[in-house]
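# Architecture at a glance
The primary structure of each chain is shown beneath.
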Amino acid sequence: MDLDFNLHDELLHLQEDSIENYHILNEVILIGRNRQELEVYLNDIVDKIEVSSDTIAEPLVFDKIRSFIKNFDNVRPKFIARLVDIVLSAFRQEIKATSADIEANEKETFATHKTVLEMYGFILHWFLLTMEEKSSSTSGKMKRSKSKAQDDDSSTWDWNPQKLRSFELMASLLELRIQKIWPLTPERDLLLSLFTKPAYQIFESSASIKNSGVKATVFNLLGITVTKYGQAFGAQTTIIQDLQYWEHSAEPMAEFLQVLVLNHDHRQLSDEVLRDISNKVFKDNTSKELKDSPNSKTFAAFLVRMSELCPKVVLKNMGLLIGQLDSESYTMRMAIVEVVGNLIIDMTTKPEENQNNLQINGFFDVLEDRMLDSVAFTRSKVLQIYLKILDLKKASFPKRRHTLGTIAIRHLEDKTSSVRRYAVRVLTKLIQTHPYTMYGGLLDMDEWKERYEELQNQLAAIQAPQELQEVSEETRLAEADDENEDTNGTVDDTHQPQTEVSEDVEMEEANNEEDKTVDESSEQNDGNPTASPPTPSPERANVPPSSIVSTDEYHRINLAVRFNADAIKFISQIQTAIPFICLLLASKSKVEVVESMDFFVTAWNYKIEASAEGIKRMPHLIWTKDNSDEGKGVKTKLLECYKSLYLEFDGNLSDKENINTIARNLVQLTFNTTLAELTSLEQLLCTLMSQNHIPEEVIDKLWAVYSYSKREIPKPQRRGAIIILGMLAKAKSEIVSEKIDVLLKVGLGSYGRADLPLAKYTCIALQRLGGSKENDKGKALHEGTRLPMDHAIFKKLKNMIEEPSTSPEWFAMAEQAINTIYGLGEHPEILCAEIIRMKTIETFGSGDLPLDTPMLDNNGELEGEDAMQVEYDVSVAHIAPPPQSAVYTESVKLSQLCSILGHVAIKHIVHMEIIEAAWKRKKRKADDTKARSAVEDELEQVGGTADDDIGDHMLFIREREILFGNDSLLAQYGPLLAEICTRNKVYTDPTLQVTATLALSKFMCVSSDFCESHLQLLFTILEKSKNPAIRSNLVIALGDMAVCFSTLIDENISFLYNRLSDDDTLVKKNALMVLTHLILNGMVKIKGQIAEMAKCLEDPEPRISDLAKLFFSELASKDNAIYNNLPDIISSLSNPETRIQEEPFRKIMKFLFSFDFAEKEKQAENVMDKLCLRYKNCDDERLWRDITFCLSLLPFKSEKSYRKLLEYMPLYQDKLHEEGVSKLFTEIIVKV
């Protein structure tokens, strides 16, 4: 051997010197060499090494190989790869030779083998380090290098085959008894470092560690060094360092420790690593001082992966790791929670040891405690772990299930959306995995209670066996002790054997006992949530009274009683959660909404009766805005839910039975519903119909139900059929157009006369003949399909309206009938005029009011000189002169006449708008058909003038003809309505007053003159009427008038604001809704009365407070709207004469100051100026506190704002003695 090679010195030079300064005695210059020259060098190496593997010890050969590695960047990768392959082949031969000599104990060759092996190890060590360094440094340039030839770029070359062979050979060398060649530990450790350093460096590269072959070989190599050569401490240090600095290293490090445990039976390293982690202090992830703290994210991922791969090792060290639950880092707390869950799952699925129950109960206690964690992520993680546990088939944990249900219900009110979402999902999973499956799996409370009572009767009718009676007293005492146990379910081994039986065992026994007695059909349907439960066995139901039964039978009945009691307890628990989940359907978080829908569908499928409330509320979600993926997801989920609940075919039923079931389900959707629910259901069914999800056979079945006449069927059933048909016809009008004769015969025939709501919904269905009237914003109104007035529909409608009736349902029916006339008729005013005349004759008699005698004279006033006595405090000058004496007739008939008059008036102006739009459209179309010439602009101008003429003409008719024209029929009834409304002490019938005031307000929407002349009368009624229905109607009417005649209402808007203080909730809510609409749409100006709306923020009625919050949230989106009105709001709410209590005031201010205007420094300073000036000449201590509280809500982001506050100290320094003021200023100082 010619070369004096010292491994320690060479490694030192390699580490300390740069590659350029690394000295090679016989270095070959490779830069600039062509392919042929490089081939020559390689062939020379091959020729010499092929002769003998120890030829590498020759200086020229070794230096030539080192020259290639040194010039790694300057030589094409294929040459480097070939060189490495040559070296690996020689290395393999050398290992074989060494192995043979060791077996033969050829000691004289050991020195040579030692040097040669160190040289091969050094070459491979240098190659692996260089290759890893280059691949990591060029990882960001990988995409840009694709344009180069692959064999010219080392960054794109696949070095994995060379890595794999290198580590395999290193491992095979270490498998030998190398202690004979390297007897000294320092020398041996130096050799091991050649192999372990590049092996550990593989962990630092996320790309390299993904290669499964390389990773397995590295694990094997390091496993040998740890188990055979005592490298555990170095491995432990490297693992901890890698976890600190390399986020991707968590999983491979856990897999490495698993290999040590499984393949090398070595657990000490895992224990030491876990112990080291348990002693670390992890800082809060949000803390700024994280420079020297451990990387909690990677350590957390490592622990979780370890609990999955080596649960027994982690379980052994849980006593130490559990301390990390007190860590500042919520990531570590989440990891420990997940570790606990994984251990529960492992011990449950592999119950080899009896003591598992104690540990499982302890771990459940940990999970329950963590649900009180201050960070929402941890609470969410706990619920996710519970979901994984509930998926286990072998575990039931009855006590823990009940506790989990309680926890989930509690966190339905959690402040964080993600926690609420997982709480809902947990409750859904509890239903899906419930253990009460012996009766078919359904959770119908009535059926379970019935079975429970039967079992109680059985238990009362029998006597316990003699051996059980002897120990009955001891058993009762034991049960009493057991009831005093903590509900966490921990097992105390000091209990008597009979009470040690866990509920899990009892549950299984109860299941087994019941399975023996249920009939065959029940067994076939077991687990099917839609299967019907079997009836109890008659043999057991008829147990002779006071009979003595066997011990097994007595034990079975006792278990069955407990089993049924637990099931009832579980159902009650789920029913408790339903009201909270109903509220989550309105959540802003779309994911929460989707989870809530899943819950209700699951609960409904398992026959939990209370879930019907949620199913009933779900259609409102059809109005969710779908301008985002989340919005579309909610609507799509809703449609899927309703399809699965009501429209899917059951494979166990015939087609006919499925059709009947679907039709029955749809009809039942209409039972006991409000108008809002029907409106949402209509939109939902329209969407489903437009997507062709409702079969034609179902529609035919609904028609069959509607027209059924062989026997009497319940009225809601027939009504429901036509309601659904009318909804579907909105999407497909052919559904109704093909069955007009059926509608006229049934709904407007004898059945309709006997059931006015049926007639009303029939009218709504007939309105679908006109087609859809929903138009895009800005487009003209749609006139729809128009029928001649001699059509049979109108005759039937007229007869229905004129049919004598005293039912309150008549009014809704008549309104829809008039809607249908105006929606379908070519000249609806002719028919409506005839109806009004006939109703007038019916009310007053033909002798009192002949058809050919107008009710008004030429001046539009009633004859007579005496003014009526005004019951309300209003000037007579504001209304038309009344009749000479009161009109006496039946209140019901007069009420019906008033209702018709008002509705015809309002529908007629809508009809006029449709006519106006149609005329303008025809005029434009006619202009467009004219020859286009150079004077096109002039024609357009003429067309515009024509449109204006049409509009002016229609406006004149509306203002001066309908209610004031000499030939107008409605004009004759205005004074009559005013007469009834004014003389409320003469016309005392409540229904008459409601209909008359509503009709008068509709008349006032027609003409501004009529509105102005009767406005004070309306305001007086609004202020003094004791009927909340009248006040509520007038509030809505004033909103409509504000749209029509904004100036009139804007001047008197205070009357509308006054209703925000109304005693009736409905009136207050309607007033708030109307004002919200008017203000946000710019129809009225915001004035000082907006403080009244601010008071609604703290209204005890949730609907009103929520609506007020919505109003101010929308108002805040307008330019400085809240900022501009804030001083007026504060003044009104803190005014000694009109102030509210201090606590509500603070809540209102906190809400208003939460909007972004307070974040703008300039605006915040202006608010501060206005508030501080209020201290001046202020002697009210309550006002001091209110002002100071508002100041404390400002952000004080800069020193400038704080200095400005100090400038105003002369104004408030004499108020600081007051405790509340002083405390609030202290808070401001702390904030600054």
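Note that the structure is a prediction, hence the values are computed from the model and not measured.

Broken down by element type, the chain carries 59 helices and 2 strands. For the chain, the proportion of contacts with a sequence separation of at least 24, taken over those separated by at least 6, is 74%. Only carbon and sulfur atoms are counted for the fraction: they give 49% of the accessible area of the chain, which is about 59,400 Å².

This next bit is on the packing of helix H50 (residues 1065-1080) against helix H52 (residues 1102-1116). It is at 10 Å that the axes of H50 and H52 come closest, and there the two elements cross at 10 degrees. With respect to H52, the element H50 is oriented roughly parallel. Facing Thr1065, Lys1068, Lys1069, Leu1072, Met1073, Thr1076, Ile1079 and Leu1080 of H50, the residues of H52 in contact are Arg1103, Ile1104, Leu1107, Ala1108, Phe1111, Glu1114 and Leu1115. Residue composition of the contact of H50 with H52, grouped by class: 9 nonpolar, 2 polar and 4 charged.

To continue, consider the side chain of aspartate 242. Secondary-structure assignment places aspartate 242 in helix H9 (residues 232-245). Among buried charged residues, aspartate 242 stands out as having no salt bridge; its nearest opposite-charge side chain is lysine 197, 12 Å away. Beyond its immediate chain neighbours, meaning those up to four positions away, aspartate 242 contacts Tyr200, Phe203, Glu204, Ser249 and Met253.

On to the nonpolar core. One recurring pattern in soluble globular proteins is that nonpolar side chains are buried together. With 357 residues, the main nonpolar core has Phe302, Phe1112 and Met1149 as its most contacted residues. When sequence neighbours within four positions are dropped, the list of residues in contact with phenylalanine 302 reads Leu243, Ala250, Met253, Ala254, Leu257, Val273, Leu274 and Ile277. Formed by 9 residues, the second largest nonpolar core is a distinct cluster that contains Leu455, Ala464, Ile557 and Ala560.

Looking at the chain as a whole, its pLDDT mean stands at 81, while 83% of the residues score no less than 70. Across residues 139-150 the pLDDT falls below 50, and counting only partners more than four positions away or on other chains, this stretch makes 7 contacts in the model.

Turning our attention to the environment of isoleucine 957. Mapped onto the fold, isoleucine 957 is located in helix H43 (residues 936-961). Along the backbone, isoleucine 957 and serine 1007 are 50 residues apart, and their C-alpha atoms lie at a distance of 9.4 Å. Beyond its immediate chain neighbours, meaning those up to four positions away, isoleucine 957 contacts Met912 and Ile962.

Let us look at the packing of aromatic side chains. In total, this model carries 26 aromatic pairs according to the counting rule given. Their ring planes at 75 degrees and their centres at 5.0 Å tell us that phenylalanine 1111 and phenylalanine 1112 sit as a pair that is edge-to-face. Looking at phenylalanine 1112, the relative accessible area reads 1%, which means it is buried. With a centroid separation of 4.5 Å and an interplanar angle of 25 degrees, the aromatic rings of tyrosine 1212 and phenylalanine 1225 are classed as stacked. Of this pair, tyrosine 1212 sits in helix H58 (residues 1209-1212) while phenylalanine 1225 is found in helix H59 (residues 1219-1231), placing the two residues 13 residues apart along the sequence. Overall, the relative accessible area of 2% leaves tyrosine 1212 in the buried class. We classify phenylalanine 1225 as buried; its relative accessible area is 8%. Joined through ring pairs, the aromatic side chains of Tyr436, Tyr439, Trp448, Phe563 and Phe570 make up one cluster. Over the aromatic face of tyrosine 439 sits the side chain of arginine 451, whose NZ or CZ is 3.9 Å from the ring centroid. Geometry around tyrosine 751 places arginine 718 over its ring, the cationic atom sitting 4.1 Å from the centre.

When their charged atoms lie close together, side chains carrying opposite charge are able to pair. Within this structure, the stated rule accounts for 51 salt bridges. Linking lysine 114 and glutamate 187 is a salt bridge whose minimum nitrogen-to-oxygen distance equals 3.0 Å. Here glutamate 187 lies in helix H7 (residues 185-203) and lysine 114 lies in helix H5 (residues 110-137), a separation of 73 residues in the sequence. Glutamate 187 gets classed as partly exposed once you look at its relative accessible area, which sits at 28%. Between glutamate 1142 and arginine 1185 there is a salt bridge; the shortest N-O distance is 2.9 Å. Taken together, the residues span a long stretch of sequence, with glutamate 1142 in helix H54 (residues 1142-1152) and arginine 1185 in helix H56 (residues 1181-1192) at a distance of 43 residues.

Under the 1.5 Å per step criterion, the end-to-end length of helix H47 (residues 1028-1044) is 24 Å for 17 residues, consistent within 8% with the ideal 24 Å. Every buried residue of H47 is accounted for by Ile1030, Arg1031, Ser1032, Leu1034, Val1035, Ala1037, Leu1038, Gly1039, Met1041 and Ala1042. Among the structural elements, helix H45 (990-1004), helix H46 (1008-1024), helix H48 (1046-1051), helix H49 (1054-1058) and H50 are those in contact with the buried residues of H47. For H47, the side-chain oxygen to backbone nitrogen distance between the N-cap and alanine 1029 is 3.0 Å, and the N-cap itself is asparagine 1027.

Here we come to the state of the cysteines. Under the counting rule described, the total for this entry stands at 0 disulfides. Of the cysteine sulfurs around cysteine 1044, a residue in no disulfide, the closest is that of cysteine 1005, at 4.9 Å. By relative accessible area, cysteine 1044 is classed as partly exposed at 34%.

So, on to the packing of H46 against H47. Look at H46 against H47: their axes get within 10 Å of each other, and the N-to-C directions meet at 145 degrees. Between H46 and H47 lies a crossing whose hand is left-handed. Between H46 and H47, the residues in contact are Cys1011, Leu1015, Leu1018, Phe1019, Ile1021 and Leu1022 and Ile1030, Arg1031, Leu1034, Val1035, Leu1038 and Met1041, respectively. Here the residues of the contact of H46 with H47 are counted per class, giving 11 nonpolar, no polar and 1 charged.

Another aspect to go through is unusual backbone geometry. For residues besides glycine, phi is generally negative; the peptide bonds are generally trans as well. Positive phi values are uncommon outside glycine, yet aspartate 265 reaches one of about 50 degrees. As for its placement among the helices and strands, aspartate 265 is situated in the loop between helix H10 (250-264) and helix H11 (268-278). Positive phi, close to 60 degrees, is recorded for asparagine 692, a residue that is not glycine. Relative to the assigned elements, asparagine 692 resides in the loop between helix H32 (675-690) and helix H33 (696-706).

Our next topic: helix H40 (residues 809-824). Across its 16 residues, H40 extends 23 Å between first and last C-alpha, which sits within 8% of the 22 Å expected from 1.5 Å per residue. Within H40, 13 of the 16 residues are buried, leaving the element largely enclosed by the surrounding structure.

Moving on: a negative patch on the surface. Judged by side-chain charge, Asp446, Glu450, Glu453 and Glu609 come together as a negatively charged surface patch. By the element assignment, glutamate 450 lies in helix H20 (residues 445-460). Take glutamate 450: its relative accessible area is 48%, and that puts it in the partly exposed class.

Another point: the environment of threonine 551. Examined against the element boundaries, threonine 551 turns out to sit in helix H27 (residues 551-584). Judged by its relative accessible area of 28%, threonine 551 falls in the partly exposed class. Remark: the alpha-carbon pair of threonine 551 and alanine 464, spanning 87 residues in sequence, is separated by 7.4 Å.

Conventions and cut-offs
Residues numbered from 1 in each chain as written. Predicted model: local features only at pLDDT ≥ 70, side-chain atom pairs only at ≥ 80, totals over all residues. Heavy atoms only, no water. Helix = DSSP H or I, 4+ residues; strand = E, 2+ residues; numbered from the N terminus. Contact = heavy atoms within 4.5 Å. Areas by Shrake-Rupley, 256 points an atom, 1.4 Å probe, with all protein chains shown as cover. Axes fitted to C-alpha atoms, helices over the stretch in contact; angles between N-to-C directions. Parallel < 35°, antiparallel > 145°, perpendicular 65-115°, else oblique. Nonpolar A, V, L, I, M, F, W, Y, C, P; charged D, E, K, R; others polar. Buried < 20%, exposed > 50% of the residue type's maximum accessible area, 1.4 Å probe, protein only. Lys, Arg positive; Asp, Glu negative; His and termini not counted. Salt bridge = Lys/Arg side-chain N within 4 Å of Asp/Glu carboxyl O. Core = buried A, V, L, I, M, F, W, Y, C linked by side-chain atoms within 4.5 Å. pLDDT = per-residue confidence, 0-100. Phe/Tyr/Trp six-rings, centres within 6.5 Å; stacked < 30°, edge-to-face > 60°. Lys NZ or Arg CZ within 6 Å of the ring centre and 35° of its normal. Expected span 1.5 Å × (residues − 1). Polar contact = N/O pair within 3.5 Å; in protein donor to acceptor, adjacent residues only side chain to side chain. Disulfide = S-S within 2.5 Å. Left-handed = near helix turned anticlockwise from the far one by under 90°. Patch = residues over 30% accessible without salt bridge, like charges linked within 9 Å, V, L, I, M, F, W, Y side chains within 5 Å. Charge placed at Lys NZ, Arg CZ, Asp CG, Glu CD.

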